[in-house]
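# Coordinate analysis (summary)
One letter stands for each residue in the lines below.
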Amino acid sequence: MKRLKIVSLVLLGLFLACGLAIAQVPTGRIIGTVVDDQGTALPGVSIDATSPRMIGKATSITDTKGVYRLFALPPGTYTLTYALTGFKTYIRKDIMLRVEETITVDVTLVPGALEEEVTVIGQSPLIDVKSTARGMTLTKDLFSLLPKGRNFDSIMTAVPGVMNEALNAGMSVDGASGAENMFYVDGTMISSVKYGTLGENVSFDFAEEVQFKASGYNAEYGGSLGGVINVITQSGGNEFDGSLLGYYYGTSLQTKQRDQMDLDFADTTKAKYYSYNAYVGLTTDDTLEAGLNLGGYIIKDKVWFFGSFLPQFFLRDRTLDFALLGTGTAKNSYTRNETYWNGAFKLTAQPISNLRMGASFVSNFYKYKGENASTASASSSTDYNQYGYTFPNYSASGYADLALGNNFLFSVRGGWWMTDQNNMLAPVASSPYFAFRAEQPYSYAYTSAAPWQALMGSLYHNAGWQNFPRASVLKNVQQIRNRASAGADANYFFDLGGEHSVKAGVVWTRQVENVDNSGKQYVVYLGWNMDFEAYGTNYGRGTYGWYGVRGNNDSGPYGDFYDVHSDRWAIFLQDSWTIGNKLTINYGVRAESEFLPGYSSDPLYAGMKAFDFPFSKKISPRFGAIYDVFGDSSLKIYGSFGIFQDVMKMDVGANAFGGFKWKSAYYTLDDWDYTKIGANGVFPGTLLKVLDFRAPSFDAVDPDIKPMTQREISFGAEKQLMENLSLSVRVVNKNLLYAIDDSAVVLPDGEYYYYTNPGSDFLNKKYDEYIAAGILEPGTPYMPKATRLYWAVNVALDKRFSNNWLGGFNYTWSRLTGNYGGLASADEAGRNNPNGERYFDLWYLERDKSLKPIDGVQPTDRTHVFKLYGSYVFDFGLTVGAIFNAMSGTPVTEEWNVDAPGYYPYNRGNLGRTPFLWFANLYSEYNIKAGKFNINFNVNVDNLFDVKTAQRIYQIEYSSNISPGDAALLANTWDATGATADARYKMQFNYYPPLSVRLGMRIGF
């Protein structure tokens, strides 16, 4: 007993110390009614639930209506035992419960001795008749039999409505960009603080279940306009088991790499395809993973553990022959080493009845040395072997679930995620940077060179000279980003015109950025023999002109330098109201408050916030209805409505609100020996002016700005066709109501950016003011509202594993249109600067040549997508699984550079689509029993048929800039006459990757 108390206290301490980043509830529940053979409700029936995945057991007792509820059950396969004096004990086996699922198991007890048993195997409910959420849950039993990559997100090839879109920053769910999802591990959010994309990799070897949630989810979820993806790691058990495992893959197990398209280096008026070995370099890659999984118990039925350590080692040898591209004569070899210390550890405990606790930790620590230099872009004089970084990356989570009686569940959960970029190996300049050129918006020219050259001797250089690349003064000391939050919720059941399941919760989240990627040497610009003029003011000069400095005491630090945090609070209330035994109505509301901090250290901006949304601006109602047609969970029809709002990513704060420091101090240049500047920290001459080129944009934020908001409507049906076979249909519409982005007006001293909801009155009034001031042309149209409209129909057929096989098929018809792609921009091939993309930078970028608003198919629109998966387990130990995908190509749009990239003269999609794409992946394993050991050999094949389809078509027609001016744009009196044609226009490139094989071996014990 003493030992148990100590272990329980240690576990509780781990939970409390594990940090705090909010966990959505990664558990499910089983509910039902118990009646006798006459249909009369039976109160007092005791129900025990056991599972290899759950420590101890869950218990319940039926109430006066014969109702029981089993709360906070980890996903897994359950056995339910029903017992009441005077009736035969009833046992239901193989009840499969998935994460966040509610399944109904009603039973009938027959009179008899308690010692007599009635055992029923199978008939596990397939359909959750309490939920409108749609997506897909992949259990270990399923994904272990299918082809996949090494990280959990690679299994998306089987999920309806989910695509891997490189143009859209990764995983796209229902048309949203990859920066609009929420990713969780054991309930801890691991989305990037800065960009919103996936922030941590989790190997399948320590994952138990992966849940993709696309639409219809309740008010406890916020911050996602795309999908919610939750990974549950493995737990221990009452038996010890483990495995030694390893994998190998590399270029020796690949077919030929694809040719690379580019301009001809010898004649840029032509384009050509270069072999991969010429363009990138002759490359040999090898990756080896080897490690151990071990799970078991510390105290049976009380404390379990699971641990996994699976380091990965990658080695790349690359030879660049610069002569092949005509860019040099050197032939250099480079090596890149990458090391990942991947692992996971989990403790679960049930110290007392109906209290379950746990804590988990996941490591994705990573470091590398040696840059990925390529022949086409590398400098033959740079030693890329000396470059590298270290990236700590960890997450932790903890939870406690307490069930009180048959109708109350209280939960507290927390977690923590962090990443860093440090240990910079690149060389940093040891002396100041000097440049013989002026900063924009200034210009200068030398007078005759001879007197200056005679005066300065070896220190004389032509305009444009620099002693080394400016970036060499920057040193990345750290880029720490972490998230901590905590939450609690309570779920209460009661009867009032039906059964209510009311859930209320509160969540606090803090996001932190602590970055030092700043200049470690002075940056000096010299304006010889000229006055210093800025924005129409002449500040004078010295004997020889002027000079400007970044990074000294007068200017402050140069580069990214900040330590900030943002806080977010969320409260939610939701009710699941079941009327009779067929109709369930889910309704709820979520309210959030959040702010994005100012990043400036200037006292002038102390305490100012970039964005500040109170609870009143972030209210998200949700509503859904489900009808259990026959009352037996075999057929449901459902519909849902919801408002979903984004949470701000911190990238925009660093870029626009003082995170990037760029002040320059300007002095008289009174000594031609510029090497004295900065020596011993001395800056000779008279200070003329300090200018801030990244002044925080607090005054440029719309005071009435609304959070990024999306409306979602979905409806559909699910039908259980057979015991292990179900059919589902979903129709979904997602309509962007508000976006947040920047929009520029070109002023005499440069572009000035405003942050607003595009199409808002705030920006329209600014346009009116600039038109009146003569800065914008009369008739300049207002910036249109940001639009993104997604329609889709999903049809899915899924068969659970039985009779040695599993399988599924799904088809999606969809249409994605509008002028706004999302927080990441597919228009710019995956650029990801949330709330700071180029969609609305200039008024004419949202108009075609005839001044009609841009509104067509988005770059990642795919009309038809087919997905087929399946696996068969032979009795002699062989398993074969496959996934097949086929999909429409993506739209191609003619693009010009009209003082900015992204101008579409003929609206979107005028060049058709990329080719129809299909591919197949294969998985096979063979198991051999050797005493207590199970030896598994496995092979994973990506792109089994070595499909070579192009995924992009070059759409930029002209390589030169076109600058007609606003008046010509408004009058449509211009064309591209005189622009230089780009020889790559309409050429295919970015071909589907080659066939690749991964070999694996696992020894189970």
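Residues numbered from 1 in each chain as written. Predicted model: local features only at pLDDT ≥ 70, side-chain atom pairs only at ≥ 80, totals over all residues. Heavy atoms only, no water.

The secondary structure content of the chain amounts to seven helices and 58 strands. Computed over the C-alpha atoms, the radius of gyration of the chain is 31 Å, within 12% of the 30 Å expected from 2.2 N^0.38 for a compact globule of 1005 residues. Viewed in the frame of its principal axes, the chain has a C-alpha envelope of about 115 × 65 × 60 Å. In the chain, which comprises 1005 residues, the share counted as buried stands at 58%. Here the analysis covers contacts within the chain between residues at least 6 apart in sequence; of these, 73% occur between residues at least 24 apart. Surface summary for the chain: the accessible area is close to 39,300 Å², and the carbon and sulfur share equals 57%. (Helix = DSSP H or I, 4+ residues; strand = E, 2+ residues; numbered from the N terminus. Rg over C-alpha atoms; globule rule 2.2 N^0.38 Å. Buried < 20%, exposed > 50% of the residue type's maximum accessible area, 1.4 Å probe, protein only. Contact = heavy atoms within 4.5 Å. Areas by Shrake-Rupley, 256 points an atom, 1.4 Å probe, with all protein chains shown as cover.)

All right, on to the pairing of strand S35 (residues 559-579) then. The pairing of strand S30 (residues 499-519) with S35 spans 20 bridges and is classified as antiparallel. Its bridge partner being in S35, Arg510 is matched across the sheet by Asp567. Pairing analysis gives two bridges linking S35 to strand S40 (residues 660-661), with the strands arranged antiparallel. Bridge pairing links Gly559 to Lys661 in S40. Relative to strand S36 (residues 583-597), S35 is paired through 12 bridges, and the arrangement is antiparallel. Bridging from a neighbouring strand, Ile579 pairs with Leu583 of S36. (Pairing = 2+ DSSP bridges.)

Membership of the largest hydrophobic core comes to 54 residues, with the highest contact counts inside it found for Phe212, Phe611 and Phe657. With four residues, strand S15 (residues 207-215) is the single largest residue contributor to this core. With sequence-adjacent residues up to four places away left out, Phe611 is seen in contact with Glu594, Phe595, Leu596, Met648, Val652, Phe657, Val701, Ile705, Ile740 and Tyr755. Of all hydrophobic cores here, the second largest spans 38 residues; its members include Leu225, Tyr754, Phe762 and Met783. (Core = buried A, V, L, I, M, F, W, Y, C linked by side-chain atoms within 4.5 Å.)

The subject of this paragraph is the packing of aromatic side chains. Scanning all chains against the criterion turns up 68 aromatic pairs. For the ring pair Phe436 and Trp465, a centre distance of 5.1 Å and an interplane angle of 80° mean the geometry is edge-to-face. Pair noted here: Phe436 is in the loop between strand S28 (433-435) and helix H4 (449-456) and Trp465 is in the loop between H4 and strand S29 (474-495), with a separation of 29 residues, a long-range link. You can call Phe436 buried: its relative accessible area is 0%. Plain terms: the ring middles of Phe611 and Tyr755 are 6.2 Å apart, the flat faces sit at 85° to each other, and that makes the pair edge-to-face. (Phe/Tyr/Trp six-rings, centres within 6.5 Å; stacked < 30°, edge-to-face > 60°.)

Here we take up the pattern of salt bridges. Counted under the stated rule, the structure contains 44 salt bridges. Of the charged contacts in the structure, one is a salt bridge between Asp205 and Arg150, with a shortest N-O distance of 2.6 Å. Here Asp205, found in the loop between strand S14 (188-189) and S15, pairs with Arg150, found in the loop between helix H2 (140-143) and strand S11 (162-165); they are 55 residues apart in sequence, far enough to count as distant. With a shortest N-O distance of 2.9 Å, Glu837 and Arg831 are connected by a salt bridge. Judged by relative accessible area, Glu837 falls into the buried class, the value being 0%. Within this structure, Asp174, Glu712, Arg730 and Lys734 form a network of salt bridges that share partners. (Salt bridge = Lys/Arg side-chain N within 4 Å of Asp/Glu carboxyl O.)

For the rest of this paragraph, the subject is the pairing of S11. Judged from the four bridges that link them, S11 and strand S12 (residues 170-173) form a sheet pairing that is antiparallel. Looking across to S12, one finds that Glu165 is bridged to Gly170. Between the end of S11 and the start of S12, which pair antiparallel, lie four residues, with Ala169 showing a positive phi angle near 65°.

A separate point is empty space enclosed by the protein. This structure, assessed with the given rule, holds 12 cavities of 30 Å³ or more. The wall of the largest cavity is formed by 22 residues, among which Pro74, Ser235, Lys346, Thr348 and Tyr399 lie closest to the centre. Counting only elements with at least two residues in the lining of the largest cavity, the list comes to strand S23 (331-352), strand S24 (355-369) and strand S26 (393-404). Within the lining of the largest cavity, the residues separate by chemical class into 10 nonpolar, six polar and six charged. Within this model, the second largest cavity holds a volume of roughly 170 Å³. Surrounding the second largest cavity, 16 residues form its lining, Gly161, Met163, Gly175, Tyr790 and Ser814 being those nearest its centre. Counting only elements with at least two residues in the lining of the second largest cavity, the list comes to S11, strand S48 (805-818) and strand S52 (864-873). (1 Å grid on protein atoms, 1.4 Å probe; cavity = no way out; pocket = protein on both sides within 12 Å on 5 of 7 lines; lining within 4 Å. Points joined across faces, edges and corners; volume = space filled by probe spheres on them. Nonpolar A, V, L, I, M, F, W, Y, C, P; charged D, E, K, R; others polar.)

This part covers a nonpolar patch on the surface. Residues Leu721, Met722, Leu727, Leu797, Phe809, Leu868, Phe884, Phe916, Trp918, Leu944 and Phe945 make up a contiguous nonpolar surface patch of about 960 Å² in total accessible area. Checked against the element boundaries, Phe945 lands in the loop between strand S55 (933-942) and strand S56 (950-953). Overall, the relative accessible area of 52% leaves Phe945 in the exposed class. (Patch = residues over 30% accessible without salt bridge, like charges linked within 9 Å, V, L, I, M, F, W, Y side chains within 5 Å.)

Time to look at the sheet that holds S28. Here we have five strands laid out as an open sheet, ordered S28-S31-S34-S41-S42, and mixed in their pairing. Both edges of this open sheet fall to S28 and strand S42 (687-692), since each of them pairs with a single strand only. Each strand axis lies, on average, 20° off the axis of its neighbour in the sheet, ignoring direction. Pairing geometry for S28 and strand S31 (residues 523-528), over three bridges, is parallel. Within S31, the residue paired with Phe434 across the bridge is Val524. (Axes fitted to C-alpha atoms, helices over the stretch in contact; angles between N-to-C directions.)

If you trace the backbone, Lys213 turns up in strand S15. Other than its neighbours up to four places away in sequence, Lys213 contacts Glu100, Ala133, Arg134, Gly135, Tyr221, Gly227 and Val228.

The next point concerns unusual backbone geometry. Within the chain, Asn804 stands out as a residue other than glycine whose phi angle is a positive 75°. Relative to the helices and strands, Asn804 is located in the loop between strand S47 (788-802) and S48. Asn804 gets classed as partly exposed once you look at its relative accessible area, which sits at 24%. Of note in this structure, Asn835 is not a glycine but carries a positive phi near 70°. With respect to the helices and strands, Asn835 occurs in the loop between strand S50 (831-832) and strand S51 (856-857).

Moving on: the sheet that holds strand S6 (residues 89-97). Pairing within the open sheet is mixed, and its five strands lie in the order S3-S2-S5-S6-S9. Here the strands that pair on one side only, and so sit at the sheet edges, are strand S3 (58-61) and strand S9 (117-121). The mean inter-strand angle of the sheet, taken between neighbouring strand axes irrespective of direction, is 20°. Pairing geometry for strand S2 (residues 46-50) and S3, over four bridges, is antiparallel. Bridging across to S3, Ala49 finds its partner in Ala58.

Bringing the environment of Gln234 into the picture now. Inspection of the secondary structure puts Gln234 in the loop between strand S16 (228-233) and strand S17 (241-254). By relative accessible area, Gln234 is classed as buried at 9%. With 561 residues separating them in the primary sequence, Gln234 and Val795 have C-alpha atoms 31 Å apart. Apart from the residues within four sequence positions on either side, Gln234 is in contact with Lys140, Asp205, Phe206, Ala207, Glu208, Phe306 and Lys346. Within the local environment of Gln234, its side chain forms a polar contact with the side chain of Lys140, the two groups lying 3.2 Å apart. (Polar contact = N/O pair within 3.5 Å; in protein donor to acceptor, adjacent residues only side chain to side chain.)

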